[in-house]
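Structure assessment
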Amino acid sequence: MRKIVASFFMSLDGVVEAPDQWHFPYFSEEMGAAVGALMSESDAMMMGRVMYESWAAYWPEKAGTDDPFADFINNVRKYVVSSTLDTVDWQNSTLVTGDFVKEITELKQQPGKTIGISGSTNLVRSLMRHNLLDELRLLVHPIVVGKGQRLFEEGLQIPMTLTSSETFPTGVLSLSYQPVADQPVAG
């Protein structure tokens, strides 16, 4: 069975929005390796409408440059989960609509490697609510941003187990969590 793994850059106060405005001073070789690990174990990416529209407008223009992520994201299979889009035109993109839980469950049962998610906060929240997320990787930066969208919703309780942790020289914590098996989501 395929795993769905979501990863986020996160501030100490839980902000995941607009990491381009606060994350770069903390980027390191170790962080690059952590991000690269998800790319190397994934043969597909999943994203929501907002991420899809943003990335589909940006990354195709970067094809053929020396940016390894551009080559990866342009060529990898992309599953776009949306109830408002009618079509997806970016290379190797498939639109996922209809019964969200049923379609994602069927997708996880297909052969293949990990399905990665980078960003797409609302999608990850939905996956967590329905026990469809297999792993959550957080790169927690030593900065309080003070404003912006946070990953976790107020009142939602999801028991998690820490499966790995590492501290990078820049003070960033690399944390991996898995939902506790057979524990209901509350809230």
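A short tour of the structure in this document, coming up. Keep in mind that what you see is a predicted model, and the values were worked out from it rather than measured. (Residues numbered from 1 in each chain as written. Predicted model: local features only at pLDDT ≥ 70, side-chain atom pairs only at ≥ 80, totals over all residues. Heavy atoms only, no water.)

The pairing of strand E7 (residues 160-167) with strand E8 (residues 173-179) spans seven bridges and is classified as antiparallel. The partner of glutamate 166 across the bridge, within E8, is serine 174. (Pairing = 2+ DSSP bridges. Helix = DSSP H or I, 4+ residues; strand = E, 2+ residues; numbered from the N terminus.)

This paragraph deals with the pattern of salt bridges. Any two side chains of opposite charge can pair, so long as their charged atoms come close to each other. A full pass over the atoms with the stated rule returns eight salt bridges. Residue arginine 2 is joined to aspartate 43 by a salt bridge in which the shortest nitrogen-to-oxygen separation is 2.4 Å. Pair noted here: arginine 2 is in the segment before strand E1 (4-11) and aspartate 43 is in strand E2 (residues 42-48), with a separation of 41 residues, a long-range link. Taken together, the shared-partner salt bridges connect Lys3, Glu41, Glu135 and Arg137 into one network. (Salt bridge = Lys/Arg side-chain N within 4 Å of Asp/Glu carboxyl O.)

So, on to the nonpolar core. Formed by 27 residues in total, the largest nonpolar core has its most connected members in Met46, Ile104 and Leu127. Elements represented by at least two residues in this core include exactly E1, E2, strand E3 (77-81), helix H4 (100-109), strand E5 (114-118), helix H5 (121-129) and strand E6 (135-141). Among residues more than four places away in sequence, those in contact with isoleucine 104 are Ile4, Met46, Val81, Val96, Leu127 and Leu132. (Core = buried A, V, L, I, M, F, W, Y, C linked by side-chain atoms within 4.5 Å. Buried < 20%, exposed > 50% of the residue type's maximum accessible area, 1.4 Å probe, protein only. Contact = heavy atoms within 4.5 Å.)

The strand order across the open sheet built from eight strands is E4-E3-E2-E5-E1-E6-E8-E7, with neighbouring strands paired in mixed fashion. A strand with exactly one partner marks an edge of an open sheet, and here the two such strands are strand E4 (93-96) and E7. Shown here is a sheet whose adjacent strand axes are inclined to one another by a mean of 25°, direction ignored. Summarising the sheet, E1 and E6 pair through seven bridges and their orientation is parallel. Within the sheet, the bridge partner assigned to valine 5 lies in E6 and is glutamate 135. Packed on one face of the sheet, helix H2 (residues 49-58) meets E2, E3, E4 and E5 and runs near 110° to E2. (Axes fitted to C-alpha atoms, helices over the stretch in contact; angles between N-to-C directions.)

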